[in-house]
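A structural walkthrough
Spelled out from the first residue to the last, the chains are:
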Amino acid sequence: MKLRQKKTMTAYLFLIVPLIFFIFVRFFPTIYAFWLSFTDWNIISPKMNFVGFDNFRALFADSVFMKSLWNTFKYVLYGVPLVLVLSFAISLLLNNIRKGQAFYRLIYVMPYITPLVAVSWVWRWMYQRPPVGVINNLFSFVGIPTQRFLFSMDQALIAIVVTTVWVNLGYCIVIFLAGLQTIPKEYLEASKIDGANRWQVLTKITVPLLNPVILFLVVTQSILFLRIFTQVYNMTDQGSGGPLNSTKPLVLYIYQKAFLSFEMGSASSATVVLFGIILLITLLQFRLLKRRVQY
Amino acid sequence: MKRTLLVLVLCVALLATLSFAKTKIVYWQYYYETKIKTVDQVIEEFERLNPDIEVEHVNFPYENYNQKVAASVPAGIGPDVVNLFYGWIPKYVTSGYLQPLPEDEFSKAYFAENFFPFVGPGVNFEGKSYALPIAVRSLSLIWNKDLFKAAGLDPEKPPLTLNELVAYAKKLTVYDRAGNIVQAGLTMQPSGQGHQWIREVLIRQFGGVPYSSDNKMVMYDKTGAGADVLKFYTDLIVEDKISYPGFMNDDVTAFSSQKAAMTIDGSFRIGTLRNVKGLNFAFAELPSHNGVKSNFASFWANGITKNATGDRLVAAIKFVKFLSSEYVMDLWLKNVGELPANPALAANYYDDPTYGPFLKGLEYAHATFFVDETAQRQVIMDAVDKVINGYSPETAWKEMASEEQVVLDKFWK
């Protein structure tokens, strides 16, 4: 055996371990969930009957499911642009300062490394009405009428988006900063010599060169918002996704179906739908944003 | 020499088989420290009385309990005796998990003699009984004596009727300059015990019944005062502004931090409230209305799974019976603080200022036949939310009835 062959063999040998892991821990349950989505399994019954597409038909006839589906899109539509724009702006600022950059970076990353359940509960308390809610007390102090936030049909979802953006901001900033620092200084200097203003530098050089970073963040943040659960579960009354399902995302719907109503079959169907959506959106984003820029 | 050795070996072998002949059953319950310690003590006593039976006691965190039980069954490694919420019985039975308690041992007379009247129907599914409770819970009105005094009310006199309750609640509510509630008169938390109060107490007090006698039909929209029940409840929030769902996050926090003067909660809260320093409170029977008293009772019960057959079934029956004996119930009240399910034993505690009001409530209590407790709680939470968000109580009540009927139909189909 040649040395080269031997090296390849060794590499494959090591790759087998994660492969086995993926097959049994990732792929097998996924495929099993696909199978479950065509059954009426109720989690405690040994019986598992094949029901065809009945679960899917029932799902799309269920107004709560449709509401959760729409809510999930709302989380993505509000959350992803907000977190990207904010983190990009902050990282541009941070990129300009030399002193204390590490300190600021640390501050912004703090929420990201804090357990999400703790974050959710702290925000839940901050959103309370008087006498305990910090935000409402502040409103009261400056004379703004108090808001119902998590108990309002119109504000609850946005309140949760704000918390989530606050959490994810640090991570996005770090990635953006890393991206910004890979942009060759020569390009920036050359453009300045050619008389480009700041806006032109930003739109013609920085953003195009950051394209792979933006793609990465759009994809990962979209998936994150599509799978939102912990915040909603911890910030709404009894984890219900209320008031009146106005904050309930798909994953919470799935959880409630599976582990509170024990309808594993229809929960699996909803999972398959979510899987399809994530797959579709991710492919779409790859297609739209995958443009290699080279100067 | 050889013969003695042979006899010795035979003796050892015989002893070994004898000790192996012990019947071993497995008991599952969720993790709650005082319950576990008490059950350990109970098992010790049970094994002393039944030397041929060995009980293995297994616990899981409450959050994972259903999932663990659920996962173990298809795998065939489940328990012989399982502790479950009575509201889960229909689901466990239709899933082929529980076996009925033998009628000769657990007759109607046995239930009448040993348990409060709501227990029998609570553990019954399609004519068969499936489980026995150790202890039960009911609701009571809990009031803060210091806040009563501050509002100029007699701290020893709780409201006795709904009208009094409303009047008191109004007096006890405190607002800031901007009109925000800073002290609630009465907690309004449908997601807590509020939904039980509406379903089993208010509906009946307004002349209705929650469900048909076979539990297949929603009746509260067809009987009694209908939507007036919801109007009564939500008027307190929308019109009288004595509190709202989520005030101070939840009812328990509001009451324990002395920001709510009255609350309606279960006997399982006794321990929590006792541990709050400086909280000067007392318990009373739920206020009556139109001369009607009602209460909601619930309980965890011990059922026998299909795993138990032959000797293990015999042992399981003995164990379930023992768990509901007066000896265990008394121990349970002392250690865990839950109410005995046996009226004769309960009578000993009627004058107790803490347990008395709860126990008296058990006499006229109803245990709701839940087919999906979370979903059935949700429809009531939603109905209240709808009125807060501008729906009329009539519309919200009608929608609540049809949504709950869907939940019931799904189960019974």
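The shown structure was predicted, so the numbers you read here are calculated from the model rather than taken from an experiment.

With that settled, the discussion passes to the overall build of chain B. For chain B, the count of helices and strands is 18 helices and 16 strands. In terms of overall dimensions, chain B has a C-alpha envelope of 100 × 50 × 35 Å along the principal axes. Taking all 413 residues of chain B together, the buried fraction comes to 59%. Contacts in chain B between residues at least 24 apart in sequence constitute 75% of all its contacts with a sequence separation of at least 6. Computed over 40 positive and 47 negative side-chain charges, the inter-centroid distance for chain B is 3 Å.

This part takes up the nonpolar core. All names here are of chain B. Y65, F118, L186, W197, L202, M262 and F319 are the most contacted members of the largest nonpolar core, which has 205 residues in total. The residue makeup of this core includes at least three contributed by each of domain 1 (22-138 + 298-366) and domain 2 (151-296 + 371-412). The contact partners of W197, leaving out residues within four places of it in the chain, are L139, L162, L165, L186, L202, F232, Y233, I264 and L286.

Now for the interface of chain A and chain B. Much of the literature gives interface size as the accessible area that the parts lose upon coming together. Taken residue by residue, the interface counts 32 residues in chain A and 34 residues in chain B. Interface area for chain A against chain B, summed over the two sides, is near 2800 Å², with a carbon-plus-sulfur share of 55%. Counting across the interface, chain A meets chain B through one salt bridge. Between E263(A) and K410(B) there is a salt bridge whose closest N-O contact spans 3.4 Å. The tally of links from chain A across to chain B stands at eight residue pairs in polar contact (both at pLDDT 80 or more). Those elements that place two or more of their residues in the side of chain A that touches chain B are α5 (116-126) and α12 (250-260) of chain A. Its residues assigned to classes, the side of chain A that touches chain B comprises 16 nonpolar, nine polar and seven charged.

Turning our attention to the domain arrangement of chain B. Residues and elements named next belong to chain B. Along its sequence, chain B is carved into domain 1 (22-138 + 298-366) and domain 2 (151-296 + 371-412). Each of domain 1 and domain 2 was reduced to a C-alpha centroid, and the two centroids are 29 Å apart. Taken together, the 23 residues of domain 1 in the interface contact 18 residues of domain 2. Here domain 1 and domain 2 share an interface that buries about 1900 Å² over both sides, 61% of which is from carbon and sulfur atoms. The largest contributions to the domain 1 side of the interface with domain 2 come from F358, Y364 and H366, which together make up 33% of the buried area. Linking domain 1 with domain 2 are zero salt bridges. Counting across the domain 1 and domain 2 interface gives five residue pairs in polar contact (both at pLDDT 80 or more). Elements with a minimum of two residues in the side of domain 1 that touches domain 2: α4 (89-94), β7 (131-137), α16 (355-363) and β16 (365-366). Per-element accounting of the side of domain 1 that touches domain 2 gives the leading share, five residues, to α16. Along the lines of polarity and charge, the residues of the side of domain 1 that touches domain 2 split into twelve nonpolar, seven polar and four charged.

Together, L13(A), F14(A), I16(A), L19(A), I20(A), F21(A), F22(A), I23(A), F24(A), V25(A), F27(A) and I31(A) give the surface a local cluster of nonpolar side chains, amounting to about 1200 Å² of exposed area. Within the element layout of this structure, I23(A) appears in helix α1 (residues 3-36).

With that settled, the discussion passes to the environment of N95(A). All names here are of chain A. Position of N95 among the secondary structure elements: in helix α3 (residues 63-96). A C-alpha to C-alpha distance of 9.5 Å links N95 and F176, two positions 81 residues apart in sequence. Once residues lying within four places of it in the same chain are set aside, the contact partners of N95 are Q101, L177, L180 and Q181.

All names here are of chain B. Of all seven residues in β7, seven are buried; the element is thus mostly enclosed. In this structure, β7 lies alongside strand β14 (residues 298-305), joined through five bridges in antiparallel fashion. Each bridged residue has a counterpart across the sheet, and for A131 the counterpart in β14 is G303.

Residue and element names in this part refer to chain A. Here α3 crosses helix α13 (residues 264-289) at 25°, and the two axes come no closer than 12 Å. In terms of their interaxial angle, α3 and α13 are classed as roughly parallel. As for the relative orientation of α3 and α13, their crossing is right-handed in sense. Between α3 and α13, the residues in contact are F65, L69 and F73 and A270, V273, I277 and I281, respectively. Per-class residue counts for the contact of α3 with α13 are seven nonpolar, no polar and no charged.

A few words on the pattern of salt bridges. Tallying each qualifying case throughout the model produces 20 salt bridges over all chains. Ionic pairing is found between K35(B) and E338(B), a salt bridge with its closest N-O pair at 3.7 Å. One end of the pair, K35(B), is in helix α2 (residues 33-49); the other, E338(B), is in the loop between α14 (326-335) and β15 (339-340), and 303 residues separate them in sequence. One network of salt bridges, in which partners are shared, links K257(A), E263(A) and K410(B).

Another point: the side chain of S87(A). Residues and elements named next belong to chain A. Checked against the element boundaries, S87 lands in helix α3. What makes S87 buried here is its relative accessible area of 0%. Within the local environment of S87, its side chain forms a polar contact with the backbone oxygen of L84, the two atoms lying 3.1 Å apart. Those residues in contact with S87, other than ones at most four positions away along the chain, are L169, C172, I173 and F176.

Moving on: the layout of surface pockets. Residues and elements named next belong to chain A. Approximately 870 Å³ is the volume found for the second largest pocket. Lining the second largest pocket are 27 residues, with T30, A33, T271, L274 and F275 sitting closest to its centre. Within the residue set of the lining of the second largest pocket, elements represented by two or more residues are α1, α12 and α13. A class-by-class count of the residues in the lining of the second largest pocket yields 21 nonpolar, four polar and two charged.

About the thresholds
- Residue positions within a chain follow its written sequence, with the count starting from 1.
- Written order determines the labels here, with chains lettered from A and ligands numbered from 1.
- Thresholds applied to this predicted model are a pLDDT of at least 70 for local features of residues and 80 or more for the giving and counting of side-chain atom pairs; totals over whole chains, interfaces and linings are not thresholded and use all residues.
- Note: side-chain values were computed over all heavy atoms of the structure, leaving out hydrogens and water.
- Helix and strand assignments follow DSSP, with helices taken as H or I runs no shorter than four residues and strands as E runs no shorter than two, numbered in order from the N terminus.
- Relative accessible area decides the class of each residue, using a 1.4 Å probe on protein chains only: under 20% of the type maximum gives buried, over 50% gives exposed, and in between gives partly exposed.
- Residue contacts are counted whenever heavy atoms from the two residues lie within 4.5 Å of one another.
- Only four residue types enter the charge count, namely Lys and Arg as positive and Asp and Glu as negative; His and the chain termini do not.
- Charged groups are reduced to one reference atom each: NZ for lysine, CZ for arginine, CG for aspartic acid, CD for glutamic acid.
- Here, nonpolar core means buried Ala, Val, Leu, Ile, Met, Phe, Trp, Tyr and Cys residues that are tied together by side-chain atoms lying within 4.5 Å of each other.
- In this entry, domain limits derive from an automatic or database-based domain assignment.
- A quick way to say it: buried area is the sum, across both parts, of accessible area lost when two parts are put together, with a 1.4 Å probe.
- Salt bridges are defined by distance alone: a side-chain nitrogen of Lys or Arg within 4 Å of a carboxyl oxygen of Asp or Glu.
- Polar contacts here mean pairs of N or O atoms no more than 3.5 Å apart (in protein, one a potential hydrogen donor and the other a potential acceptor; neighbouring residues in sequence count only if both atoms are side-chain atoms).
- Under the scheme applied, nonpolar residues are Ala, Val, Leu, Ile, Met, Phe, Trp, Tyr, Cys and Pro; charged residues are Asp, Glu, Lys and Arg; polar residues are all the others, including Gly.
- Each patch is built from residues lacking any salt bridge and having more than 30% relative accessible area; the joining distance is 9 Å for like charges and 5 Å for nonpolar side chains (Val, Leu, Ile, Met, Phe, Trp, Tyr).
- Values of accessible area rely on a 1.4 Å probe in the Shrake-Rupley scheme; residue burial ignores everything except the protein chains shown.
- We call two strands paired when DSSP finds no fewer than two bridges between them.
- Here an axis means a line fitted to C-alpha atoms, over the contact stretch when the element is a helix, while the angle between two N-to-C directions is reported on a 0 to 180 degree scale.
- For classification purposes, angles smaller than 35 degrees are called roughly parallel, those larger than 145 roughly antiparallel, those between 65 and 115 roughly perpendicular, and all remaining angles oblique.
- By definition, any crossing whose near helix is turned counterclockwise from its far helix by less than a right angle is left-handed, and any crossing with a clockwise turn is right-handed.
- Of the two site types, the cavity is a set of points on a 1 Å grid over the protein atoms alone where a 1.4 Å probe fits but cannot get out, and the pocket is an open set with protein on both sides within 12 Å along at least five of seven lines, each lined by residues with an atom within 4 Å of a point.
- Grid points are joined across faces, edges and corners, and a volume is the space filled by probe spheres set on the points.

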